[in-house]
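# Summary of structural features
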Amino acid sequence: MLRRAAPSAAAAASTFLRHALPTSRSSSSSAAATAVASSTAVNSILLRSLKEHYLEVSKMTPPPKISPPKPYTIVKGALDQASGPVLRRGYGEAGEEISISVARLANIMPAGADDYESDDDGASGVSESINQLFLHVDISRPGSSKSLQFLCGLYPDAVGIHSVCLRSKTAESGTAVMAGKSGDGYQGRIFQELDENVRDAFHHYIEARGINEKLFPFLQAWLYVKDHRNLIRWFKSVGTFISEPKS
């Protein structure tokens, strides 16, 4: 009686691989398809949410149109710039040029860092979080290589100086100064450590140049419009990125 020889180890391995590999490829393809379907579903949910919020923001009521107090004029293109001055004016016989940049105080100062508080709810359609503003005031003169710069808190009924320094005109300004990222040498003493008479004199100095609470209504409305525009652009750009076909 003939006995069939047992298959060799190599033959057994070959048989196993022939049966196993197609199953492995099938499982991998299925997992990939599931991952693609899941990603598409997540993208769809995100795009729908972005569109809903975009439409909601688009319907928000803008504040009434307000002009800045004279003789300040709006810097052309300021709404489309990431940072930089918003208002500008000339002053005095020396030909001073005064420029003002603005940001939310909450974005610059830590909570509780300032003594001023306001219960004003702001203009219609204006977020209550824009009740405290932070100003960078730059005062320069023709022929001078330096400018006198103030960082101030602006409120509906008051303005307060946080710091004063004399800096090079070529140094960083605006947002960089507000964030404390300037490296232009000695910045002067902490304002609150100055003699009270000196502090009062500085307040009179900026008030004479129109840096006062009368700026608040315009700058509050301007900042609201700028934030609104930025948010609309953000929804659009993120939505475009998510929906773009993969290369």
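Just so we're clear, the structure is a prediction, and the values are computed from it rather than from any experiment.

## Some remarks on helix α3 (residues 196-208)
- Its 13 residues give α3 an end-to-end C-alpha distance of 18 Å, which sits within 8% of 18 Å, the value for a rise of 1.5 Å per residue.
- Next to the buried residues of α3 lie β5 (146-155) and β6 (158-168).
- The opening residue of α3, the one whose side-chain oxygen lies 2.8 Å from the backbone nitrogen of N197, is D195.
- Directly beyond the C-terminal end of α3, a positive phi value near 80° is found at G210.

## Quick look at the pattern of salt bridges
- The tally for this structure, following the rule as stated, stands at six salt bridges.
- With a shortest N-O distance of 3.0 Å, R233 and D80 are connected by a salt bridge. Taken together, the positions of R233 in helix α4 (residues 216-243) and D80 in the loop between β1 (73-74) and β2 (87-91) put the pair 153 residues apart, joining distant regions of the chain.
- Between R209 and E96 there is a salt bridge whose closest N-O contact spans 2.9 Å. You can see R209 sitting in the loop between α3 and α4 and its partner E96 sitting in strand β3 (residues 96-104), a full 113 residues away along the chain.
- For E96, a relative accessible area of 4% translates into the label buried.
- The network of salt bridges with common partners includes D80, R229 and R233.

## Structural notes on the packing of aromatic side chains
- Scanning the entire structure with this criterion turns up four aromatic pairs.
- Their ring planes at 75° and their centres at 5.9 Å tell us that F150 and F202 sit as a pair that is edge-to-face. Of the two residues, F150 sits in strand β5 while F202 sits in helix α3, which places them 52 residues apart along the sequence.
- On the accessibility criterion, F150 (0% relative accessible area) is buried.
- Seen from their ring centres, W234 and F235 are 5.3 Å apart, and the 65° between their planes marks the pair as edge-to-face.
- The partly exposed category is assigned to W234, whose relative accessible area is 46%.
- Among the aromatic residues, those joined into a cluster by ring pairs are F150, F191, F202 and Y205.
- We note R89 situated over the ring of Y72; from NZ or CZ to the ring centre the distance is 5.4 Å.

Conventions and cut-offs
- Residue numbering note: each chain is counted from 1, following its sequence as written.
- Local features are withheld for residues below a pLDDT of 70 in this predicted model, meaning they are given only at 70 or higher, and side-chain atom pairs are given and counted only at 80 or more; totals for whole chains, interfaces and linings count all residues.
- To obtain the side-chain values, all non-hydrogen atoms of the structure were included, while hydrogens and water were left out.
- Numbering of helices and strands starts at the N terminus; helices are DSSP runs of H or I of at least 4 residues and strands are runs of E of at least 2.
- Expected helix span is computed as 1.5 Å times (number of residues minus one).
- Note on definitions: a residue-residue contact is assigned when non-hydrogen atoms from the two residues lie within 4.5 Å.
- Side-chain atoms alone can form a polar contact between residues adjacent in sequence; in general such a contact is a pair of N or O atoms within 3.5 Å, and within protein one must be able to donate a hydrogen while the other accepts it.
- Salt bridge, as applied in this entry: a Lys or Arg side-chain nitrogen positioned within 4 Å of an Asp or Glu carboxyl oxygen.
- Whether a residue is buried, partly exposed or exposed follows from its accessible area with a 1.4 Å probe, protein chains only, as a fraction of its type maximum: under 20%, in between, or over 50%, in that order.
- By convention, a stacked pair of Phe, Tyr or Trp rings (six-membered ring in the case of Trp) has centres within 6.5 Å and planes under 30 degrees apart, an edge-to-face pair has planes over 60 apart, and any other such pair is tilted.
- We count a charge as sitting over a ring when the NZ of a lysine or the CZ of an arginine lies within 6 Å of the ring centre and within 35 degrees of the ring normal.

By themselves, these are just geometric observations and shouldn't be taken as functional.
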